[in-house]
Amino acid sequence: MSALRSPRRLRIEVLAGLVVALALIPEAISFSIIAGVDPRVGLFAAFTMAVSISFLGGRPAMISAATGAIALVIAPVMREYGLDYLIATVLLGGAIQVLLAVLGVAKLMRFIPRSVMVGFVNALAILIFLAQLPYLIDVPFLVYPMVAVGIAIMVLLPRVFTAIPAPLVAIVLLTAFTLLAALTLPDVGDEGELPDSLPTLLIPDVPFTWETLRIIAPYALGVAVVGLLESLMTAKFVDDITDTHSEKTREAWGQGASNIITGFFGGMGGCAMIGQTMINVKVSGARTRISTFMAGVFLLVLVVGLGDVVAIIPMAALVAVMIMVAVGTFDWHSIAPATLRRMPKSETFVMASTVLVVVATENLAIGVGVGVLVAMTLFARRVAHLASVEREIVEDEHGGARAVYTVFGELFFASSNDLYTQFKYADDPDRIVIDLTGSHVWDASTVADLDSITTKYDRKGKSVEIIGLNAASASIHGRLTGELAAP
C-alpha cells in the first residue's frame, strides 16, 4: 500500500516487473526445451507462478517462475509418460510442498552454514553465465559488440540517470538499433513459438490409481524438495540484500499452492529464480510484491498481445542483462586473497565443494546437500578434537588409591570413539572415578563407550563411578546405560 501511495516507488516496481518479464521469456522457453514440453507450457508456468506467488508468498519482490532445476526433475516424466503425467506430478509436488510447510520444514534453513550459502550464490552466478555461452558461440560477429554495448549501458547509465532501470534502457536501445540498421541477428523469436491465447483450466487425464501414484510420487517429491530448497535459500539471500525479514513458512506453502495453481493451468511448475530475483531486487531496485505481480502480467501481455514485438528483441540484449546479473550475483569478496587467508580452510573447502558440485550437476539442490554434508563432517571432525581426558591418582586417608579421570568437551559419536582408549585399565587401582562435570553426553554412542569402559574394568575386578553428569546427560545416560549392545 505504501508503494501505491508513492509515485516514485510505484514506477520502480512497475518498470522492474517489465525488465524481469522481458528476461523471463527466453529463459522460460529454454526451460521448456529442457523439460521436453511446448514453449507455451513454460511460459504459462512463468505467468501463473509469478502472479500467484505475488499474493501467496512470504518474500516480497522475489520472482518465481519455471526454472531449470524443476525442468530437470520432471523431464523424465514427460519423456516416458507424457504431458498429463507431468501435470499430475506438478500438482502432487505442490501438495507435498504445502504439507512440508505445515510440518515446519522452513525452520531447517538455520542448519545451512554461511559457507554453503556463499557457495550456492557463487555457483548460481557461474551457471547464469554459462547459460549465456550458447548465445555467444557460432553467432554473427555483430553479437559481440552488441553485448559489449549493452553491458556498458548498464554499467555507466546508473551513474547519471536512475529514473528507468538500466537493463530496460539497454534492451530498448539495442532492439531499436537492430531494427533501424536492419541487422539480422538471433532474436527471441528464434527460441520458440510464443503463445497467442490465454492459459485455460486443465485437469490431467491420468487414472487415479496406485500405479499412477507410484510413477509420479518420486518425481513429485523431487519437485517439492528442489523447489523449496531453491526458494528458501533465495528468500534468505534477498533478506540479506534488503535487510528485511521474510516469512519462510508462508513462502514454503505459497510455493506449493502456486505450483498447484500452475498445474491446473497446464504449466510445468517452478520455484524461486535467483537470477531474475537479482534483476528485480539488486539491479532494478524493487522491494514489494507489485514488481512480482507486474512481471507476471507483463509476461502474459508481451507473449500473447505483443508477441510479434517481443520476438524481434535481439538475444544479445538479454545476454548482456544476464551477464551483468551473473557479475552482480557472484560474491567477489569471498575469493579475495585477503579473505582466503583469514578464512578457515574448512570453510573455504565447503564453499568450493558446493560450487563444484552445483556446476558439475547443474542442480542447486544436490550441490547444497553436498555442501551441508561436507560442512557437518568437517564440523564433527573439528569438534571431536576438543574432547580431552586428564588422569590423576588420588590417595585416600586409609592408604588406598583411586584413579580420577576428568573428561572435558562435548561427547558424541565423533569425539567419544577415542574415549575408550584413554584409560589405563591394567595400571589403575581398584577404584576408578570418571568425572564428567566439564563435558556433556549427547548421544547413544557416548553411553555405549562409557558402558564399554565400565565393562572392561569389571572384568578386571575394578569398580567404576561416573560423577558430574548434568541433568540432560544424566537423563540420556540413565535411559540407555546397560541397554546397548557392545560395540
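In what follows, the structure referred to is the one given above.
Residues numbered from 1 in each chain as written. Predicted model: local features only at pLDDT ≥ 70, side-chain atom pairs only at ≥ 80, totals over all residues. Heavy atoms only, no water.

1. Brief notes about the overall build of the chain
Part 1: A tally of helices and strands in the chain yields 20 helices and six strands.
Part 2: Compactness check: the chain gives a C-alpha radius of gyration of 29 Å against a globular reference of 23 Å for 487 residues, more than 25% above the reference.
Part 3: With respect to the principal axes defined by its C-alpha atoms, the chain has extents near 105 × 60 × 50 Å.
Part 4: Residues classed as buried in the chain amount to 52% of the 487 residues present. (Helix = DSSP H or I, 4+ residues; strand = E, 2+ residues; numbered from the N terminus. Rg over C-alpha atoms; globule rule 2.2 N^0.38 Å. Buried < 20%, exposed > 50% of the residue type's maximum accessible area, 1.4 Å probe, protein only.)

2. Concerning the packing of aromatic side chains
Geometry of an aromatic ring pair is reported as the spacing of the ring centres plus the angle between the planes.
Part 1: Under the counting rule described, the total for this entry stands at nine aromatic pairs.
Part 2: With 4.2 Å between their ring centres and 45° between their planes, Tyr405 and Phe423 make a pair best called tilted. Here Phe423 lies in the loop between α18 (413-416) and β5 (431-441) and Tyr405 lies in strand β4 (residues 401-411), a separation of 18 residues in the sequence.
Part 3: A residue is classified by how much of its surface remains accessible, and Tyr405, at 0% relative accessible area, is buried.
Part 4: Under the relative-accessibility criterion, Phe423 is labelled buried at 6%. (Phe/Tyr/Trp six-rings, centres within 6.5 Å; stacked < 30°, edge-to-face > 60°.)

3. Description of the layout of surface pockets
Part 1: Reported here for the largest pocket is a volume of approximately 730 Å³.
Part 2: Around the largest pocket sit 30 residues that line it, and Glu27, Phe31, Gly68, Leu127 and Ala131 are the ones nearest its centre.
Part 3: If you tally residues by element for the lining of the largest pocket, the top one is helix α2 (residues 7-35), at six residues.
Part 4: Residue composition of the lining of the largest pocket, by class: 21 nonpolar, six polar and three charged.
Part 5: By volume, the second largest pocket is sized at about 450 Å³.
Part 6: What lines the second largest pocket is a set of 24 residues, and nearest its centre among them are Pro158, Ala166, Lys282, Val283 and Ser284. (1 Å grid on protein atoms, 1.4 Å probe; cavity = no way out; pocket = protein on both sides within 12 Å on 5 of 7 lines; lining within 4 Å. Points joined across faces, edges and corners; volume = space filled by probe spheres on them. Nonpolar A, V, L, I, M, F, W, Y, C, P; charged D, E, K, R; others polar.)

4. Let's talk about the packing of α2 against helix α12 (residues 289-305)
Part 1: At their nearest, the axes of α2 and α12 sit 7 Å apart, and the two run at 50° to each other. What the angle tells us is that α2 and α12 run oblique. Considering only the axes of α2 and α12, their crossing is right-handed. From α2, Leu10, Glu13, Val14, Ala16, Gly17, Leu18, Val20, Ala21, Leu22, Leu24 and Ile25 reach across to α12, where they touch Ile290, Ser291, Met294, Ala295, Phe298, Leu299, Leu302 and Val303.
Part 2: Of the residues contributing to the contact of α2 with α12, the split by class is 16 nonpolar, two polar and one charged. (Axes fitted to C-alpha atoms, helices over the stretch in contact; angles between N-to-C directions. Parallel < 35°, antiparallel > 145°, perpendicular 65-115°, else oblique. Left-handed = near helix turned anticlockwise from the far one by under 90°. Contact = heavy atoms within 4.5 Å.)

5. Some words on unusual backbone geometry
Part 1: Unlike most non-glycine residues, Ala182 shows phi in positive territory, near 55°.
Part 2: Mapped onto the secondary structure, Ala182 falls in the loop between α8 (166-180) and α9 (210-242).
Part 3: Using a relative accessible area of 62% as the deciding quantity, one classes Ala182 as exposed.
Part 4: Of note, Asp243 is a non-glycine position whose phi angle comes to about 55°, a positive value.
Part 5: By the element assignment, Asp243 lies in the loop between α9 and α10 (248-264).

6. Comments concerning the sheet that holds strand β6 (residues 463-467)
Part 1: Strand order in the open sheet made by the four strands is β3-β4-β5-β6, with mixed pairing throughout. In the strand order of this sheet, the two ends are held by β3 (388-395) and β6, each with one partner. Taken pair by pair, the neighbouring strands of this sheet meet at an average axis angle of 20°, ignoring direction.
Part 2: Looking at chain direction, β5 and β6 are connected through five bridges and run parallel. When the bridges of β6 are listed, Val433 appears paired with Glu465.
Part 3: Contacts from helix α19 (residues 444-459) reach β4, β5 and β6, with the element oriented near 175° to β5. (Pairing = 2+ DSSP bridges.)

7. Regarding the side chain of Lys462
Part 1: Of note, Lys462 is situated in the loop between α19 and β6.
Part 2: Here the side chain of Lys462 touches Tyr425 through a polar contact of 2.7 Å, landing on its backbone oxygen.
Part 3: Non-local contacts of Lys462, meaning those with residues more than four positions away in its chain, are made with Tyr425, Ala426, Asp427, Asp428, Pro429, Asp430, Ile432 and Tyr457. (Polar contact = N/O pair within 3.5 Å; in protein donor to acceptor, adjacent residues only side chain to side chain.)

8. Re the pattern of salt bridges
Part 1: All chains considered together, the criterion is met by seven salt bridges.
Part 2: Among the salt bridges present, the one from Glu211 reaches Arg214, with a minimum N-O distance of 2.5 Å. With Glu211 and Arg214 both in helix α9, this residue pair falls three residues apart, about one helical turn.
Part 3: Look at Glu211 and you get partly exposed, because its relative accessible area is 42%.
Part 4: Salt-bridge contacts for Lys248 lead to Asp239; the nearest nitrogen and oxygen are separated by 2.6 Å.
Part 5: On the basis of relative accessible area, Lys248 is assigned to the buried category, the value being 16%.
Part 6: Taking relative accessible area as the criterion, Asp239 reaches 8% and is therefore assigned buried. (Salt bridge = Lys/Arg side-chain N within 4 Å of Asp/Glu carboxyl O.)

9. What to know about the packing of helix α11 (residues 274-283) against helix α14 (residues 315-329)
Part 1: Contact pair α11 / α14: the axes reach a minimum separation of 10 Å and the direction vectors enclose 85°. Here α14 runs roughly perpendicular to α11, going by the angle between their axes. Along its contact with α11, which presents Gly275, Gln276, Met278, Ile279 and Lys282, the element α14 presents Val321, Met322, Val325, Gly328 and Thr329.
Part 2: Here the residues of the contact of α11 with α14 sort into five nonpolar, four polar and one charged.

10. Some details on α11
Part 1: Burial runs high along α11: eight of the 10 residues are buried.
Part 2: Within α11, burial applies to Ile274, Gly275, Gln276, Thr277, Met278, Ile279, Asn280 and Val281.
Part 3: Where α11 is buried, its residues meet α2, α6 (114-130), α9, β2 (271-272), α12 and α14.
Part 4: Just past α11, the residue Gly285 takes up positive phi, approximately 80°.

11. Quick notes on the nonpolar core
Within soluble globular proteins, side chains that are nonpolar generally end up buried alongside one another.
Part 1: Counting residues in hydrophobic clusters, the biggest one holds 109 residues, and the most contacted among them are Ile25, Ile112, Met268 and Leu299.
Part 2: Ranked by residues supplied to this core, first place goes to α2 with 13 residues.
Part 3: Residue contacts for Leu299: discarding those within four places in its chain leaves Ala21, Leu24, Ile25, Leu43, Ala46 and Phe47. (Core = buried A, V, L, I, M, F, W, Y, C linked by side-chain atoms within 4.5 Å.)

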